[in-house]
Amino acid sequence: MTIYFVAGEASGDNHGAELMRSLRQLDVDLYFIGRGGPQMKTIAGGQFHDWIGNAAVLGLWEVIRNYGYFREKFRETLSEIEKSKPDAIVLIDYPGFNLRLARALRSRVPAHKIIYFISPQVWAWNRGRIKRMARFLDLMLCIFPFEADLYNQSGLRTVFVGHPMIERLRASKIDIERDPSLVALFPGSRSREVRKIFPILIEAAHKLRRRKPNLRFEVAAASDELAREMKQMWHRHRADEVHGLKACATIEIKTGEAATIMQRACAGIVASGSATLEAAYFRLPFVLIYKVAWPTYLAARLVVSINYLGMPNVLADKKVVPEFIQHRARPGVIAQAVSRLMDDHAAREEMISEFDTIIAQLGEGGASDRAARAIVNELG
(Lines give C-alpha, C1' and ligand atoms only; values in the text may rest on other atoms or scores of the structure.)
Protein backbone atom coordinates (compact mmCIF):
# COMPACT_ATOMS: atom_id res chain seq x y z
CA MET A 1 0.00 0.00 0.00
CA THR A 2 1.09 3.56 -0.72
CA ILE A 3 0.78 6.53 1.61
CA TYR A 4 1.33 10.09 0.40
CA PHE A 5 2.63 12.44 3.12
CA VAL A 6 2.67 16.23 3.23
CA ALA A 7 4.68 18.07 5.90
CA GLY A 8 5.93 21.62 5.51
CA GLU A 9 8.00 22.46 8.59
CA ALA A 10 10.91 21.04 10.59
CA SER A 11 8.65 19.85 13.42
CA GLY A 12 6.40 18.11 10.87
CA ASP A 13 9.46 16.41 9.41
CA ASN A 14 10.41 15.14 12.89
CA HIS A 15 6.93 13.83 13.63
CA GLY A 16 6.49 12.45 10.11
CA ALA A 17 9.73 10.49 10.30
CA GLU A 18 8.73 8.91 13.62
CA LEU A 19 5.31 8.04 12.18
CA MET A 20 6.94 6.44 9.13
CA ARG A 21 9.16 4.29 11.36
CA SER A 22 6.15 3.15 13.38
CA LEU A 23 4.19 2.35 10.22
CA ARG A 24 7.08 0.30 8.82
CA GLN A 25 7.18 -1.74 12.03
CA LEU A 26 3.50 -2.59 11.52
CA ASP A 27 3.79 -3.28 7.78
CA VAL A 28 7.18 -3.48 6.05
CA ASP A 29 5.53 -3.39 2.62
CA LEU A 30 4.19 0.15 2.96
CA TYR A 31 5.48 2.56 0.30
CA PHE A 32 5.92 6.23 1.18
CA ILE A 33 5.84 9.16 -1.23
CA GLY A 34 5.06 12.86 -0.93
CA ARG A 35 6.86 15.91 0.39
CA GLY A 36 8.40 16.81 3.72
CA GLY A 37 11.94 17.20 5.04
CA PRO A 38 15.30 15.41 5.11
CA GLN A 39 14.37 12.93 7.86
CA MET A 40 11.25 11.77 6.04
CA LYS A 41 13.14 11.54 2.75
CA THR A 42 15.81 9.33 4.33
CA ILE A 43 13.13 6.82 5.32
CA ALA A 44 10.94 7.10 2.22
CA GLY A 45 13.66 7.11 -0.45
CA GLY A 46 14.09 8.67 -3.85
CA GLN A 47 10.49 9.51 -4.82
CA PHE A 48 10.07 11.76 -1.80
CA HIS A 49 10.54 15.56 -2.07
CA ASP A 50 12.53 17.47 0.55
CA TRP A 51 10.95 20.92 0.22
CA ILE A 52 11.04 22.26 3.77
CA GLY A 53 13.82 24.74 3.08
CA ASN A 54 11.40 26.72 0.91
CA ALA A 55 8.06 25.68 2.40
CA ALA A 56 8.63 26.65 6.04
CA VAL A 57 7.85 30.36 5.83
CA LEU A 58 6.44 32.35 8.72
CA GLY A 59 3.87 35.11 8.75
CA LEU A 60 1.33 36.69 6.44
CA TRP A 61 3.83 38.83 4.53
CA GLU A 62 6.16 35.90 3.82
CA VAL A 63 3.25 33.83 2.50
CA ILE A 64 2.16 36.68 0.22
CA ARG A 65 5.70 37.18 -1.07
CA ASN A 66 5.95 33.46 -1.88
CA TYR A 67 2.41 33.06 -3.21
CA GLY A 68 3.55 32.01 -6.69
CA TYR A 69 5.77 29.28 -5.24
CA PHE A 70 2.99 27.86 -3.07
CA ARG A 71 0.47 27.96 -5.91
CA GLU A 72 2.87 25.98 -8.10
CA LYS A 73 3.59 23.42 -5.36
CA PHE A 74 -0.12 23.08 -4.64
CA ARG A 75 -0.78 22.16 -8.28
CA GLU A 76 2.20 19.78 -8.32
CA THR A 77 1.01 18.02 -5.17
CA LEU A 78 -2.52 17.56 -6.49
CA SER A 79 -1.16 16.20 -9.75
CA GLU A 80 1.19 13.78 -7.99
CA ILE A 81 -1.62 12.41 -5.84
CA GLU A 82 -3.95 11.98 -8.81
CA LYS A 83 -1.25 10.13 -10.77
CA SER A 84 0.09 7.97 -7.94
CA LYS A 85 -3.36 7.00 -6.58
CA PRO A 86 -2.18 6.37 -2.99
CA ASP A 87 -4.26 4.35 -0.56
CA ALA A 88 -4.17 7.24 1.90
CA ILE A 89 -2.97 10.82 2.19
CA VAL A 90 -1.51 11.79 5.57
CA LEU A 91 -1.32 15.54 6.16
CA ILE A 92 0.94 16.66 9.02
CA ASP A 93 0.15 20.01 10.65
CA TYR A 94 0.96 22.91 8.19
CA PRO A 95 -2.70 24.03 7.99
CA GLY A 96 -2.39 26.92 5.52
CA PHE A 97 -1.42 24.46 2.79
CA ASN A 98 -2.84 21.16 4.04
CA LEU A 99 -6.41 22.20 4.79
CA ARG A 100 -6.78 23.66 1.29
CA LEU A 101 -5.22 20.53 -0.14
CA ALA A 102 -7.63 18.27 1.77
CA ARG A 103 -10.63 20.24 0.48
CA ALA A 104 -9.39 20.04 -3.10
CA LEU A 105 -8.62 16.34 -2.82
CA ARG A 106 -12.07 15.47 -1.51
CA SER A 107 -13.69 16.91 -4.63
CA ARG A 108 -11.12 15.58 -7.13
CA VAL A 109 -10.26 12.14 -5.71
CA PRO A 110 -13.14 11.38 -3.31
CA ALA A 111 -12.25 7.69 -2.86
CA HIS A 112 -8.92 8.38 -1.15
CA LYS A 113 -8.58 8.26 2.63
CA ILE A 114 -7.53 11.67 3.95
CA ILE A 115 -5.98 11.58 7.43
CA TYR A 116 -4.74 14.59 9.38
CA PHE A 117 -1.96 14.06 11.95
CA ILE A 118 -1.31 16.85 14.48
CA SER A 119 -4.53 18.76 14.12
CA PRO A 120 -4.47 22.38 12.97
CA GLN A 121 -5.16 24.80 15.79
CA VAL A 122 -8.35 26.14 14.26
CA TRP A 123 -9.82 26.20 17.77
CA ALA A 124 -7.60 29.25 18.30
CA TRP A 125 -8.74 31.30 15.33
CA ASN A 126 -11.80 29.81 13.61
CA ARG A 127 -13.77 27.14 15.48
CA GLY A 128 -16.52 27.32 12.88
CA ARG A 129 -14.11 25.72 10.44
CA ILE A 130 -14.14 22.45 12.39
CA LYS A 131 -17.56 21.40 11.02
CA ARG A 132 -16.41 22.14 7.47
CA MET A 133 -13.28 20.05 8.03
CA ALA A 134 -15.49 17.09 8.90
CA ARG A 135 -16.76 17.10 5.31
CA PHE A 136 -13.36 16.52 3.70
CA LEU A 137 -11.34 14.57 6.30
CA ASP A 138 -11.81 10.91 7.16
CA LEU A 139 -9.81 10.83 10.38
CA MET A 140 -8.13 13.35 12.69
CA LEU A 141 -5.20 12.31 14.91
CA CYS A 142 -4.71 14.96 17.58
CA ILE A 143 -1.99 15.48 20.17
CA PHE A 144 -3.86 17.53 22.81
CA PRO A 145 -6.74 15.91 24.75
CA PHE A 146 -9.17 18.84 24.57
CA GLU A 147 -8.95 18.78 20.76
CA ALA A 148 -10.51 15.32 20.55
CA ASP A 149 -13.68 16.54 22.27
CA LEU A 150 -13.98 19.54 19.94
CA TYR A 151 -13.50 17.55 16.75
CA ASN A 152 -15.68 14.59 17.75
CA GLN A 153 -18.54 16.97 18.59
CA SER A 154 -18.39 18.25 15.01
CA GLY A 155 -18.80 14.76 13.55
CA LEU A 156 -15.14 14.43 12.55
CA ARG A 157 -13.86 11.06 13.77
CA THR A 158 -10.92 11.86 16.02
CA VAL A 159 -8.36 9.88 18.01
CA PHE A 160 -6.19 11.39 20.73
CA VAL A 161 -2.79 9.75 20.28
CA GLY A 162 -0.72 11.83 22.72
CA HIS A 163 2.13 14.19 21.97
CA PRO A 164 4.95 12.72 19.86
CA MET A 165 7.58 14.82 21.62
CA ILE A 166 7.28 12.82 24.85
CA GLU A 167 9.40 9.84 23.70
CA ARG A 168 12.06 12.07 22.18
CA LEU A 169 12.37 14.25 25.26
CA ARG A 170 12.37 11.28 27.62
CA ALA A 171 15.35 9.88 25.71
CA SER A 172 17.13 13.23 26.12
CA LYS A 173 16.84 13.38 29.90
CA ILE A 174 20.15 13.61 31.74
CA ASP A 175 21.09 13.55 35.41
CA ILE A 176 22.57 16.99 35.94
CA GLU A 177 22.30 19.85 38.42
CA ARG A 178 21.13 23.27 37.28
CA ASP A 179 23.73 26.00 37.04
CA PRO A 180 22.45 29.00 39.06
CA SER A 181 24.46 31.39 36.87
CA LEU A 182 23.22 30.08 33.49
CA VAL A 183 20.26 31.54 31.57
CA ALA A 184 18.96 29.78 28.43
CA LEU A 185 17.88 31.71 25.32
CA PHE A 186 15.65 30.18 22.64
CA PRO A 187 15.01 32.68 19.81
CA GLY A 188 13.01 30.35 17.53
CA SER A 189 13.63 27.86 14.75
CA ARG A 190 13.16 30.08 11.68
CA SER A 191 15.39 32.80 10.31
CA ARG A 192 12.60 35.38 10.30
CA GLU A 193 11.83 34.68 13.96
CA VAL A 194 15.47 34.91 14.93
CA ARG A 195 15.95 38.26 13.20
CA LYS A 196 13.02 39.72 15.16
CA ILE A 197 13.64 38.07 18.52
CA PHE A 198 17.39 37.54 18.99
CA PRO A 199 18.27 41.28 19.25
CA ILE A 200 15.74 41.59 22.09
CA LEU A 201 17.30 38.61 23.85
CA ILE A 202 20.76 40.17 23.55
CA GLU A 203 19.54 43.39 25.18
CA ALA A 204 17.70 41.46 27.89
CA ALA A 205 20.91 39.52 28.58
CA HIS A 206 22.82 42.79 29.00
CA LYS A 207 20.25 44.10 31.46
CA LEU A 208 20.27 40.85 33.42
CA ARG A 209 24.04 40.92 33.66
CA ARG A 210 23.97 44.44 35.02
CA ARG A 211 21.91 43.08 37.90
CA LYS A 212 23.93 39.87 38.24
CA PRO A 213 27.49 40.20 36.87
CA ASN A 214 28.20 36.46 37.18
CA LEU A 215 25.49 35.40 34.72
CA ARG A 216 26.26 33.49 31.54
CA PHE A 217 23.93 32.85 28.59
CA GLU A 218 23.62 29.94 26.19
CA VAL A 219 21.60 30.21 22.99
CA ALA A 220 20.05 27.13 21.37
CA ALA A 221 20.29 27.30 17.56
CA ALA A 222 17.93 25.07 15.59
CA SER A 223 20.47 24.59 12.77
CA ASP A 224 24.05 25.40 11.80
CA GLU A 225 22.71 28.01 9.38
CA LEU A 226 20.79 29.80 12.12
CA ALA A 227 23.80 29.56 14.43
CA ARG A 228 25.92 31.35 11.82
CA GLU A 229 23.25 34.01 11.37
CA MET A 230 23.03 34.60 15.12
CA LYS A 231 26.80 34.78 15.48
CA GLN A 232 26.87 37.47 12.79
CA MET A 233 24.16 39.39 14.62
CA TRP A 234 26.04 39.01 17.88
CA HIS A 235 29.32 40.22 16.38
CA ARG A 236 27.57 43.27 14.91
CA HIS A 237 26.09 43.98 18.30
CA ARG A 238 29.49 43.72 19.95
CA ALA A 239 30.93 46.16 17.41
CA ASP A 240 28.15 48.62 18.25
CA GLU A 241 28.42 48.04 22.00
CA VAL A 242 28.27 51.32 23.86
CA HIS A 243 27.33 50.07 27.31
CA GLY A 244 30.91 49.56 28.44
CA LEU A 245 30.05 46.05 29.65
CA LYS A 246 32.23 42.99 29.60
CA ALA A 247 29.22 40.82 28.84
CA CYS A 248 30.10 39.95 25.26
CA ALA A 249 31.97 36.73 26.00
CA THR A 250 29.17 35.38 28.17
CA ILE A 251 26.87 34.42 25.30
CA GLU A 252 27.53 31.06 23.65
CA ILE A 253 25.57 29.88 20.62
CA LYS A 254 25.16 26.11 20.40
CA THR A 255 23.54 23.82 17.84
CA GLY A 256 21.79 20.56 18.69
CA GLU A 257 21.98 21.05 22.45
CA ALA A 258 18.55 22.47 23.24
CA ALA A 259 17.53 19.64 25.58
CA THR A 260 20.81 19.80 27.48
CA ILE A 261 20.65 23.58 27.85
CA MET A 262 17.07 23.35 29.14
CA GLN A 263 18.20 20.93 31.84
CA ARG A 264 21.33 22.88 32.86
CA ALA A 265 19.98 26.44 32.98
CA CYS A 266 18.27 27.96 35.99
CA ALA A 267 15.85 30.08 33.89
CA GLY A 268 15.09 30.83 30.27
CA ILE A 269 13.58 33.12 27.66
CA VAL A 270 11.75 31.04 25.03
CA ALA A 271 10.15 32.04 21.73
CA SER A 272 6.59 30.81 21.34
CA GLY A 273 6.41 27.43 19.64
CA SER A 274 7.14 23.80 20.42
CA ALA A 275 10.12 24.82 22.56
CA THR A 276 7.73 26.13 25.23
CA LEU A 277 6.32 22.65 25.83
CA GLU A 278 9.84 21.20 25.76
CA ALA A 279 10.93 23.69 28.42
CA ALA A 280 7.89 22.75 30.50
CA TYR A 281 8.75 19.06 30.14
CA PHE A 282 12.28 19.71 31.42
CA ARG A 283 10.87 21.89 34.25
CA LEU A 284 12.79 25.00 33.18
CA PRO A 285 11.24 28.17 34.62
CA PHE A 286 10.94 30.59 31.70
CA VAL A 287 9.20 33.58 30.18
CA LEU A 288 7.73 33.58 26.67
CA ILE A 289 8.59 36.05 23.94
CA TYR A 290 7.22 36.51 20.46
CA LYS A 291 7.45 39.17 17.79
CA VAL A 292 6.46 39.16 14.12
CA ALA A 293 6.00 41.71 11.36
CA TRP A 294 3.25 44.18 12.23
CA PRO A 295 0.93 43.16 9.33
CA THR A 296 1.10 39.55 10.55
CA TYR A 297 0.43 40.57 14.14
CA LEU A 298 -2.52 42.81 13.27
CA ALA A 299 -4.04 40.14 11.01
CA ALA A 300 -3.69 37.58 13.81
CA ARG A 301 -5.36 39.91 16.33
CA LEU A 302 -8.42 40.03 14.08
CA VAL A 303 -8.94 36.28 14.06
CA VAL A 304 -7.30 34.71 17.14
CA SER A 305 -9.88 34.05 19.85
CA ILE A 306 -7.81 32.54 22.66
CA ASN A 307 -6.42 34.33 25.70
CA TYR A 308 -2.87 32.98 25.55
CA LEU A 309 -0.24 32.28 22.91
CA GLY A 310 2.00 29.75 24.67
CA MET A 311 0.76 26.16 24.70
CA PRO A 312 1.57 25.65 28.41
CA ASN A 313 -0.82 28.53 29.19
CA VAL A 314 -3.41 27.27 26.69
CA LEU A 315 -3.37 23.79 28.25
CA ALA A 316 -3.55 25.20 31.78
CA ASP A 317 -6.18 27.78 30.71
CA LYS A 318 -4.36 30.36 32.82
CA LYS A 319 -1.15 32.37 32.80
CA VAL A 320 1.48 29.99 34.10
CA VAL A 321 4.25 31.54 31.98
CA PRO A 322 4.56 35.34 31.54
CA GLU A 323 4.02 36.28 27.88
CA PHE A 324 5.80 39.22 26.22
CA ILE A 325 4.34 39.59 22.74
CA GLN A 326 5.02 42.17 20.01
CA HIS A 327 5.29 45.71 21.50
CA ARG A 328 5.36 44.21 25.02
CA ALA A 329 8.53 42.28 24.14
CA ARG A 330 10.85 44.85 25.72
CA PRO A 331 14.25 43.88 27.12
CA GLY A 332 13.77 45.66 30.45
CA VAL A 333 10.50 44.00 31.47
CA ILE A 334 11.71 40.62 30.21
CA ALA A 335 14.89 40.90 32.28
CA GLN A 336 12.83 41.84 35.33
CA ALA A 337 10.57 38.78 34.90
CA VAL A 338 13.56 36.45 34.49
CA SER A 339 15.21 37.93 37.59
CA ARG A 340 12.08 37.15 39.59
CA LEU A 341 12.17 33.52 38.48
CA MET A 342 15.80 33.29 39.53
CA ASP A 343 15.35 34.96 42.91
CA ASP A 344 11.86 33.97 44.03
CA HIS A 345 11.97 30.32 45.09
CA ALA A 346 8.21 30.12 45.63
CA ALA A 347 7.48 31.48 42.12
CA ARG A 348 9.88 28.93 40.60
CA GLU A 349 8.34 26.02 42.46
CA GLU A 350 4.80 27.09 41.61
CA MET A 351 5.65 27.28 37.89
CA ILE A 352 7.40 23.88 37.95
CA SER A 353 4.40 22.29 39.69
CA GLU A 354 2.10 23.71 37.01
CA PHE A 355 4.42 22.32 34.33
CA ASP A 356 4.10 18.81 35.78
CA THR A 357 0.31 19.04 35.60
CA ILE A 358 0.43 20.36 32.03
CA ILE A 359 2.80 17.69 30.72
CA ALA A 360 0.72 14.93 32.33
CA GLN A 361 -2.07 15.83 29.88
CA LEU A 362 0.10 14.87 26.89
CA GLY A 363 0.16 11.13 27.50
CA GLU A 364 2.85 8.67 28.54
CA GLY A 365 4.54 8.36 25.15
CA GLY A 366 3.93 6.07 22.19
CA ALA A 367 2.07 8.71 20.16
CA SER A 368 3.66 7.69 16.86
CA ASP A 369 2.82 4.03 17.44
CA ARG A 370 -0.80 4.86 18.27
CA ALA A 371 -1.07 7.09 15.22
CA ALA A 372 0.40 4.35 13.01
CA ARG A 373 -2.09 1.78 14.32
CA ALA A 374 -4.97 4.18 13.71
CA ILE A 375 -3.81 4.73 10.12
CA VAL A 376 -3.39 1.00 9.43
CA ASN A 377 -6.85 0.33 10.91
CA GLU A 378 -8.30 3.03 8.68
CA LEU A 379 -6.72 1.40 5.65
CA GLY A 380 -7.74 -2.07 6.75
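Before reading on, note that the structure itself is shown above.
Residues numbered from 1 in each chain as written. Predicted model: local features only at pLDDT ≥ 70, side-chain atom pairs only at ≥ 80, totals over all residues. Heavy atoms only, no water.

1. Comments concerning the overall build of the chain
Check the secondary structure of the chain and you find 19 helices and 13 strands. Its C-alpha atoms give the chain a radius of gyration of 21 Å, near enough to 21 Å, the size a compact globule of 380 residues would have. Projected onto the principal axes, the alpha-carbon positions of the chain cover approximately 65 × 40 × 40 Å. Put simply, the chain has 380 residues, and 54% of those count as buried. Excluding contacts between residues fewer than 6 apart, the proportion of contacts in the chain whose partners are at least 24 apart in sequence is 70%. When the accessible area of the chain is evaluated, it comes to approximately 17,200 Å², of which 49% is carbon and sulfur surface. (Helix = DSSP H or I, 4+ residues; strand = E, 2+ residues; numbered from the N terminus. Rg over C-alpha atoms; globule rule 2.2 N^0.38 Å. Buried < 20%, exposed > 50% of the residue type's maximum accessible area, 1.4 Å probe, protein only. Contact = heavy atoms within 4.5 Å. Areas by Shrake-Rupley, 256 points an atom, 1.4 Å probe, with all protein chains shown as cover.)

2. Some words on the sheet that holds strand S12 (residues 286–290)
The six strands lie next to each other as S10-S9-S8-S11-S12-S13, forming an open sheet whose pairing is parallel. At either end of the open sheet lies a strand with only one pairing partner, and these are strand S10 (251–255) and strand S13 (323–325). Neighbour to neighbour, the strand axes of the sheet diverge by 20° on average, direction disregarded. Here five bridges tie strand S9 (residues 216–221) to S10, and the two strands are oriented parallel to one another. Across the sheet, Ala220 pairs through a bridge with Lys254, a residue of S10. Against the sheet, helix H11 (residues 191–211) contacts strand S8 (179–186), S9, S10, strand S11 (265–271) and S12, and its axis sits at roughly 140° relative to S12. (Pairing = 2+ DSSP bridges. Axes fitted to C-alpha atoms, helices over the stretch in contact; angles between N-to-C directions.)

3. Here we look at the nonpolar core
Most often, soluble globular proteins have nonpolar side chains that are buried together. Counting residues in hydrophobic clusters, the biggest one holds 101 residues, and the most contacted among them are Phe5 and Phe198. Among residues more than four places away in sequence, those in contact with Phe198 are Pro187, Glu193, Val219, Met230, Met233, Trp234 and Ile253. Counting 30 residues, the second-largest nonpolar core is a separate cluster that includes Val6, Ile33, Leu105 and Tyr151. (Core = buried A, V, L, I, M, F, W, Y, C linked by side-chain atoms within 4.5 Å.)

4. Focus on the packing of helix H6 (residues 95–108) against helix H8 (residues 129–136)
The geometry of H6 relative to H8 is characterised by a closest axis approach of 9 Å and an angle of 45° between their N-to-C directions. Comparing the axis directions of H6 and H8 gives the class oblique. In this structure, H6 crosses over H8, and the sense of that crossing is left-handed. Contacts between H6 and H8 involve Leu99, Ala102, Arg103 and Arg106 from the first element and Arg129, Met133, Arg135 and Phe136 from the second. (Parallel < 35°, antiparallel > 145°, perpendicular 65-115°, else oblique. Left-handed = near helix turned anticlockwise from the far one by under 90°.)

5. What to know about the packing of aromatic side chains
Aromatic ring pairs are defined here through the distance separating the ring centres and the angle between the ring planes. Going through the model one piece at a time under the given rule, you end up with nine aromatic pairs. Arranged with centres 5.2 Å apart and planes meeting at 85°, the rings of Tyr281 and Phe282 form a pair that is edge-to-face. Summarising the burial analysis for this pair, Tyr281 and Phe282 share the class buried. One aromatic cluster in this structure is built from Trp51, Phe74, Tyr94 and Phe97. Stacked on the ring of Trp51, the Lys or Arg Arg35 has its end atom at 5.2 Å from the ring centre. (Phe/Tyr/Trp six-rings, centres within 6.5 Å; stacked < 30°, edge-to-face > 60°. Lys NZ or Arg CZ within 6 Å of the ring centre and 35° of its normal.)

6. Some thoughts on the side chain of Glu354
Of note, Glu354 is situated in helix H18 (residues 345–360). In terms of polar contacts, Glu354 uses its side chain to reach the side chain of Lys318, at 2.7 Å. Sequence-distant contacts of Glu354, that is, excluding residues within four places in its chain, are made with Lys318 and Val320. (Polar contact = N/O pair within 3.5 Å; in protein donor to acceptor, adjacent residues only side chain to side chain.)

7. Regarding the pairing of strand S6 (residues 139–142)
Of the two faces of S6, the one holding Leu139 and Leu141 and the one holding Met140 and Cys142 are both buried throughout. In this structure, strand S5 (residues 113–117) lies alongside S6, joined through three bridges in parallel fashion. The residue bridging Tyr116 from the neighbouring strand is Met140, located in S6.

8. Thoughts on the sheet that holds strand S2 (residues 31–36)
If you walk across this open sheet you meet the seven strands as S3-S2-S1-S4-S5-S6-S7, and the pairing is parallel. Each end of this open sheet is capped by a strand with a single partner; those strands are strand S3 (48–50) and strand S7 (158–160). Strand-to-strand twist in this sheet, taken as the mean axis angle between neighbours without regard to direction, amounts to 20°. Direction of pairing for S2 relative to S3: parallel, over a ladder of three bridges. Of the residues in S3, the one forming a bridge with Gly34 is Phe48. Where H6 meets the sheet, it contacts strand S1 (2–7), strand S4 (88–92) and S5, and its direction lies at approximately 165° from that of S5.

9. Comments concerning the environment of Ser107
Mapped onto the elements, Ser107 comes out in helix H6. In this structure the C-alpha to C-alpha distance between Ser107 and Phe136, which are 29 residues apart in sequence, comes to 8.3 Å. A polar side-chain atom of Ser107 sits 2.9 Å from the main-chain carbonyl oxygen of Ala104.

10. Some thoughts on the packing of H11 against helix H17 (residues 331–343)
It is the contact of H11 with H17, at a shortest axis distance of 8 Å, that shows an interaxial angle of 55°. If you check the angle between H11 and H17, you find them oblique. H11 and H17 meet at a crossing whose hand is right-handed. Two secondary-structure elements touch here, H11 through Ile200, Glu203, Ala204, Lys207, Leu208 and Arg211 and H17 through Pro331, Gly332, Ile334, Ala335, Gln336, Val338 and Ser339. Class assignment for the residues of the contact of H11 with H17 results in seven nonpolar, three polar and three charged. (Nonpolar A, V, L, I, M, F, W, Y, C, P; charged D, E, K, R; others polar.)

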